[in-house]
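# Per-entry structural report
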Amino acid sequence: MLSDNTKSYLHLHLIVFIWGFTAILGALITLEAMPLVWFRMLFAVFFILIYIKWKQIPIKVPKKVILKFLVAGLIIALHWFTFFRAIKVSNVSITLACLSTGAFFTSIIEPIFFKKKMVWYEIFFGLIVVFGLTIIFNVEGKYVEGIALALTSAFLSASFAVINSKFVQQYDATVISFYELSGGVLFFSVFLLFLGSFNAEFFKLSLEDFIYLMVLSSVCTAYAFIASTAVMKFLSPYTVMLTINLEPIYGIILAVLWFKDKEQMSPEFYIGAVIILITVIINGIIKSRAKAT
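Nothing here was measured: the structure is a model prediction, and the numbers come from that model.

### Describing the overall build of the protein
A count of helical and extended segments in the protein gives 12 helices and 0 strands. A fraction of 89% describes how many contacts in the protein between residues 6 or more apart in sequence connect residues 24 or more apart. Roughly 14100 Å² of accessible area belongs to the protein as shown, and the carbon and sulfur atoms make up 70% of that amount.

This is the structure:
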């Protein structure tokens, strides 16, 4: 019989594989990053609401807590926006390689958020991660905007993981997901209204884009979002972020198979990416052993 921790860890790996496919969908959808994220969140809220009604899950929480959920929703919305924008201005491989710095950002944010001491070897590994990024930047300098956006996305993702790890200890994962994604839709709707972007052209979706958005919002968002929040009951934020670092491996392999030449990068790029991934894996192993003792 598997323990809750083991089940959660295996479940998380399935979720991460699904997220690896998210980058492929982001590249296939022809929409710009902002409408892409808005439609993704809107459809996901719809799917989650159906699930809530079906399971008769109570969603009533204190107003102050709802406000916190909504703000967290803005963070995840900005994470997705910078993520998809990075894919649009560079490619899947660059974006996912830089996104793997999320564990490094978590190692900095988590001690501050939970008022813990920073660990010296995490700072050392962080410098190695920066070295790996420097290699990528030097050989792929033409993607500077994509690299900057992807690193911003990684920081926002790490921040969100740490914040949500606190929420999930008190509230149902589905309820959290519903309010957070609703918050993302709300904040982005206000922004799009301010820009005057809501017009007939905005709501015109090709059949292919609609199908891709359905998959993205149902499987890759509604399901994966609720499931990833739920596993945080049994796994630490760092373990979650460390496992998420497998997303670039899945995603880059899928991208090369799917897009072929478009995703072929220089050997130096893969050296830099491997340095980053190996570093965060070693960091996680050391951290796990330290906790065991």
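### Here we look at the packing of helix α4 (residues 92–99) against helix α11 (residues 247–259)
If you want to describe how two helices pack, look at the angle between their axes and the distance between the axes. Packing of α4 against α11 brings their axes to within 9 Å, and their N-to-C directions diverge by 175 degrees. Taken together, the axis directions place α4 and α11 in an arrangement best described as roughly antiparallel. Taken together, the residues of α11 that come into contact with α4 (itself represented by Val-92, Ser-93, Leu-96, Ala-97 and Leu-99) are Glu-247, Pro-248, Gly-251, Ile-252, Ala-255 and Phe-259.

### Observations regarding the packing of aromatic side chains
Counted according to the given criterion, the structure contains 19 aromatic pairs. Between Arg-40 and the ring centre of Trp-80, over which it is positioned, the NZ or CZ distance is 4.0 Å. We note Lys-55 situated over the ring of Trp-54; from NZ or CZ to the ring centre the distance is 4.6 Å.

### Considerations on a nonpolar patch on the surface
A contiguous nonpolar surface patch, about 600 Å² in accessible area, is contributed by Leu-14, Leu-207, Phe-210, Ile-211, Val-215, Val-219 and Tyr-223. In terms of residues, the nonpolar patch owes the most to one element, helix α9 (residues 207–230), which gives 6 residues. Topologically, Leu-14 is positioned in helix α1 (residues 4–28). Classification of Leu-14 by relative accessible area gives partly exposed; the value is 43%.

### A word on the environment of Thr-22
Along the polypeptide, Thr-22 turns up in helix α1. For Thr-22, a relative accessible area of 3% corresponds to the buried category. Separated by 62 residues in the primary sequence, Thr-22 and Phe-84 place their C-alpha atoms 9.5 Å from one another. Setting aside anything within four residues of it in sequence, one finds Thr-22 in contact with Arg-40, Phe-83, Phe-84, Leu-216 and Cys-220.

### A word on unusual backbone geometry
For Gln-56, which is not a glycine, the phi torsion comes out positive at approximately 55 degrees. Mapped onto the elements of the fold, Gln-56 is located in the loop between α2 (33–55) and α3 (63–89). You can call Gln-56 exposed: its relative accessible area is 70%.

### Some points on the environment of Leu-67
Residue position: Leu-67 is located in helix α3. Counting along the chain gives 116 residues from Leu-67 to Gly-183, while the straight-line C-alpha distance between them is 8.6 Å.

### Some words on the pattern of salt bridges
One pass over the structure, following the stated rule, counts 3 salt bridges. The shortest N-O distance in the salt bridge between Arg-85 and Glu-32 comes to 3.5 Å. Residue Arg-85 is located in helix α3, and its partner Glu-32 is located in the loop between α1 and α2; the two are separated by 53 residues in the primary sequence. Judged by relative accessible area, which is 48%, Glu-32 ranks as partly exposed. Here Glu-145 makes a salt bridge to Arg-85, at a shortest N to O gap of 3.8 Å. One end of the pair, Glu-145, is in helix α7 (residues 144–167); the other, Arg-85, is in helix α3, and 60 residues separate them in sequence.

### Re a positive patch on the surface
Together, Lys-64, Lys-68, Lys-115 and Lys-166 line one region of the surface with positive charge. Relative to the assigned elements, Lys-68 resides in helix α3. The exposure class assigned to Lys-68 is exposed, which follows from its relative accessible area of 52%.

### Description of the packing of α3 against α4
Orientation of α3 relative to α4, taken along the N-to-C sense of each, is 140 degrees, at an axis distance of 7 Å. Here α3 is positioned oblique relative to α4, judged by the angle of their axes. Two secondary-structure elements touch here, α3 through His-79, Phe-83, Ala-86 and Ile-87 and α4 through Val-92, Thr-95, Leu-96 and Leu-99. Of the residues contributing to the contact of α3 with α4, the split by class is 6 nonpolar, 2 polar and no charged.

### Things to note about α9
When the terminal C-alpha atoms of α9 are compared, their 33 Å separation across 24 residues agrees well with the 34 Å that a helix rising 1.5 Å per residue should span. Largest kink in α9: about 35 degrees, centred on Ala-224.

### Focus: the nonpolar core
Counting 66 residues, the largest nonpolar core has Met-41, Trp-80, Phe-84, Leu-181 and Leu-216 as the members making the most contacts within it. Leave out the neighbours within four places in its chain, and Leu-181 touches Met-41, Ala-44, Val-45, Ile-48, Trp-80, Thr-221 and Phe-225. Counting 14 residues, the second-largest nonpolar core is a separate cluster that includes Ala-97, Val-129, Ala-150 and Ala-273.

Reading the values: the criteria
Residues numbered from 1 in each chain as written. Predicted model: local features only at pLDDT ≥ 70, side-chain atom pairs only at ≥ 80, totals over all residues. Heavy atoms only, no water. Helix = DSSP H or I, 4+ residues; strand = E, 2+ residues; numbered from the N terminus. Contact = heavy atoms within 4.5 Å. Areas by Shrake-Rupley, 256 points an atom, 1.4 Å probe, with all protein chains shown as cover. Axes fitted to C-alpha atoms, helices over the stretch in contact; angles between N-to-C directions. Parallel < 35°, antiparallel > 145°, perpendicular 65-115°, else oblique. Phe/Tyr/Trp six-rings, centres within 6.5 Å; stacked < 30°, edge-to-face > 60°. Lys NZ or Arg CZ within 6 Å of the ring centre and 35° of its normal. Patch = residues over 30% accessible without salt bridge, like charges linked within 9 Å, V, L, I, M, F, W, Y side chains within 5 Å. Salt bridge = Lys/Arg side-chain N within 4 Å of Asp/Glu carboxyl O. Buried < 20%, exposed > 50% of the residue type's maximum accessible area, 1.4 Å probe, protein only. Lys, Arg positive; Asp, Glu negative; His and termini not counted. Charge placed at Lys NZ, Arg CZ, Asp CG, Glu CD. Nonpolar A, V, L, I, M, F, W, Y, C, P; charged D, E, K, R; others polar. Expected span 1.5 Å × (residues − 1). Bend = angle between axes of the 7 residues up to and from the residue. Core = buried A, V, L, I, M, F, W, Y, C linked by side-chain atoms within 4.5 Å.

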